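Chain and residue survey
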Amino acid sequence: QVQLVESGGGLVQAGGSLRLSCAASGFTFNTATMGWFRQAPGKDREFVAAVTVSTFSTYYTDSVKGRFTIARDNAKKTVYLQMNSLKPEDTAVYYCAITRQRNTHWWGDYWGQGTQVTVSS
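Read on for an overview of the structure. (Residues numbered from 1 in each chain as written. Predicted model: local features only at pLDDT ≥ 70, side-chain atom pairs only at ≥ 80, totals over all residues. Heavy atoms only, no water.)

The next thing to look at is the pairing of strand 3 (residues 18–25). Here strand 1 (residues 3–7) runs beside strand 3; their pairing, made up of five bridges, is antiparallel. Bridge pairing in strand 3 links Val5 to Ala23. Here six bridges tie strand 3 to strand 8 (residues 78–83), and the two strands are oriented antiparallel to one another. Within strand 8, the residue paired with Leu18 across the bridge is Met83. (Pairing = 2+ DSSP bridges. Helix = DSSP H or I, 4+ residues; strand = E, 2+ residues; numbered from the N terminus.)

Right, dumping it as structure tokens:
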């Protein structure tokens, strides 16, 4: 059974930082492209960032470039999202996922339960 467990969310003031973690189990982690998505109330879930396996290539949505950093530790079967210079617009539930890309779109195949990130002004 695929299991993805996010942690590290919370309340932070604008300009602050948070580091999200996703602990993975139930699949071969080092063969999977991993990513983060987020969903704000009343909005569709959107792609945030992804990291590949062998090349450790990273991809980001434009709104977080230069502020967020995705990384993975294959030995620990964990993917991270370091979020700096947070803005109120970043407020959402953040989900870890096994991801794939088709053209310019990113899709999640398996999802964690999510962790709430709230950025106050």
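Once the structure has been displayed, the description carries forward.
So, on to the pattern of salt bridges. Tallied over the entire structure, the rule returns five salt bridges. Between Glu46 and Arg38 there is a salt bridge, and its shortest N-O distance comes to 2.8 Å. By relative accessible area, which is 33% here, Glu46 ends up partly exposed. By relative accessible area, which is 5% here, Arg38 ends up buried. (Salt bridge = Lys/Arg side-chain N within 4 Å of Asp/Glu carboxyl O. Buried < 20%, exposed > 50% of the residue type's maximum accessible area, 1.4 Å probe, protein only.)

Evaluation of the coordinates by the stated rule reveals six aromatic pairs. Arranged with centres 6.2 Å apart and planes meeting at 55°, the rings of Phe27 and Phe29 form a pair that is tilted. Each member of the pair, Phe27 as well as Phe29, is classed as buried. On the numbers, 6.3 Å between centres and 85° between planes, the contact of Tyr95 with Trp111 is edge-to-face. Here Tyr95, found in strand 9 (residues 92–102), pairs with Trp111, found in strand 10 (residues 105–111); they are 16 residues apart in sequence, far enough to count as distant. (Phe/Tyr/Trp six-rings, centres within 6.5 Å; stacked < 30°, edge-to-face > 60°.)

Ranked by size, the top nonpolar core spans 28 residues in total, and within it Met34, Trp36, Leu81, Met83 and Tyr94 carry the most contacts. Those elements giving two or more residues to this core turn out to be strand 3, strand 4 (34–39), strand 5 (46–51), strand 7 (68–73), strand 8, strand 9 and strand 11 (115–120). (Core = buried A, V, L, I, M, F, W, Y, C linked by side-chain atoms within 4.5 Å.)

Along the chain, Gln101 turns up in strand 9. Only 3.4 Å separates the side chain of Gln101 from the backbone oxygen of Asn103, close enough to count as a polar contact. (Polar contact = N/O pair within 3.5 Å; in protein donor to acceptor, adjacent residues only side chain to side chain.)

Time to look at the environment of Gly35. Mapped onto the fold, Gly35 is located in strand 4. Sequence spacing of Gly35 and Tyr80 is 45 residues, and the spatial spacing of their C-alpha atoms is 9.2 Å.

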